[in-house]
Every structure is written in structure tokens, then in C-alpha cells.
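Here is how the chains run, residue by residue.
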Amino acid sequence: MRRRPESAARAVKAAGHRQTTHTRHATGTEQVMHNWHAVGPEQAATHTRHATGTEQAIRTRRASWTLLPEASSTPMARRLVRTQLGGWGCGEHCEVAELLVSELVTNAVRHGNGGPVLTLTSADGALRCEVEDESPAPVRTCPAAGDDEGGRGLLLVDTLSSSWGTGRTGRGKVVWFELDA
């Protein structure tokens, strides 16, 4: 698991994010670390940090959408991710981000309450995708049998992302993953 550099954490927090505690699930183990959950309106902001005595600009970009609590939200979420990442010049991450977002949105629609909220944040070399729903019930990974049609979504998230986790929010819970950008 990779930790976000301290300077990036300050930049993300300064960009209007709040810090919560979450549990990262990885191959049967659990670790407590910090979760940066996006709050506030869509934004693109430049932040300055000190790196070895010099200043460096960090651009934080964020977009968020509230989706309908129905199956049609999954393909909509893929289109939103593809369009937004293409606009940000992060096209190299589109396929993996689309796949993982579709898994999280599908889970939120099937097992969560209310319309899921999809948030993308790009800052300091990391792309973060979050899906929030109104259910406080924690996510569970269940082993899938060889002929099962489902049950592998979080395994894909764990395998393809640089880190992922869950956290409680005032609304319910958030499940997130990061890709190195």
C-alpha cells in the first residue's frame, strides 16, 4: 500500500477535502489509515507547497455527480469518467478507472441506499475515485465460486488500484480507490 505524501495530503485538505478514518481491505488484512473525502462544489485550484526550500504548484481538479439509484447509473458513470479524464488529460487511466468505478457504482446501487455520488479528484500524481451511498453498512468481500457471475468487483479494485478503502460519512459510507497518475 502506498501512502499519500504529506505535502499532497496538505494540498488535498486545502482543496476542500476532509479527513476521515477508514479501513483498507487487502488480502484478508485490515489497516487503519486516512481517507480524503471530497466535499464542496466542483473545483480546479492551484496550491503551493514547499519542497526542499522551493515552491511548487500542485493543481487539484475535482468533479462530482449524483447518480440515480438504478442500474442505468453504471454505464452513465463510465461515460462521465471517460469524458472527465479525457478533459483532464488523464486518458491513460480511463479504461481501469471506468472498470473500477462501474464496480463501485454497481455495488452502491445494489447494496446501498439512495443515489450514489461519484467524485473524481486529481492531485499531486494521484487520481482518486470515490463512490458514496446512504447505507452505513460496511462493504464485505465474499469469495466467489468459479461459476458465479458476480462477487469479484472488490477483488478487481484491490488488484488494479494503487490503494483503496472505505469510510463512514455523514450521509452513509464512501468506497474509494486511487490510481497513480
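Residues numbered from 1 in each chain as written. Predicted model: local features only at pLDDT ≥ 70, side-chain atom pairs only at ≥ 80, totals over all residues. Heavy atoms only, no water.

A. Structural context of the overall build of the protein. If you tally the helices and strands in the protein, you get four helices and eight strands. The linear arrangement of helices and strands in the protein, starting from the amino end, is α-β-β-β-β-α-α-β-β-α-β-β. Considering the protein as a whole, with its 181 residues, one finds that 48% of them fall into the buried category. Within the protein, contacts between residues at least 6 apart in sequence are counted, and of these 61% link residues at least 24 apart. When the accessible surface of the protein is summed, it comes to about 9300 Å², and 50% of that surface belongs to carbon and sulfur atoms. (Helix = DSSP H or I, 4+ residues; strand = E, 2+ residues; numbered from the N terminus. Buried < 20%, exposed > 50% of the residue type's maximum accessible area, 1.4 Å probe, protein only. Contact = heavy atoms within 4.5 Å. Areas by Shrake-Rupley, 256 points an atom, 1.4 Å probe, with all protein chains shown as cover.)

B. Quick peek at the packing of helix H2 (residues 73-87) against helix H3 (residues 94-111). Their axes nearest at 8 Å, the elements H2 and H3 cross at an angle of 145°. For the crossing formed where H2 meets H3, the hand is right-handed. On the side of H2, the interface is formed by Ser73, Thr74, Ala77, Arg78, Val81, Arg82, Leu85 and Gly86, while H3 contributes Cys94, Ala97, Glu98, Val101, Ser102, Val105, Thr106 and Val109. Residue classes in the contact of H2 with H3 are distributed as eight nonpolar, five polar and three charged. (Axes fitted to C-alpha atoms, helices over the stretch in contact; angles between N-to-C directions. Left-handed = near helix turned anticlockwise from the far one by under 90°. Nonpolar A, V, L, I, M, F, W, Y, C, P; charged D, E, K, R; others polar.)

C. Seen up close, the nonpolar core. With 27 residues, the main nonpolar core has Leu85, Val101, Leu118, Leu120 and Phe177 as its most contacted residues. Of all elements in the fold, only strand E4 (54-66), H2, H3, strand E5 (117-123), strand E6 (126-133), helix H4 (153-160) and strand E8 (173-180) reach the threshold of two or more residues within this core. Among the elements that take part in this core, H3 stands out by supplying seven residues, more than any other. Excluding its chain neighbours within four sequence positions, the residues that come into contact with valine 101 are Ala77, Val81, Leu118, Cys129 and Phe177. (Core = buried A, V, L, I, M, F, W, Y, C linked by side-chain atoms within 4.5 Å.)

D. Structural view of H4. Looking only at H4, the buried set comprises Gly153, Leu154, Val157 and Asp158. All buried residues of H4 fall inside an arc of 135° around its axis, so they share one side. Exposed residues on H4 whose side chains face more than 90 degrees from its buried face are Leu155 and Thr159. (Arc of directions from axis to C-beta.)

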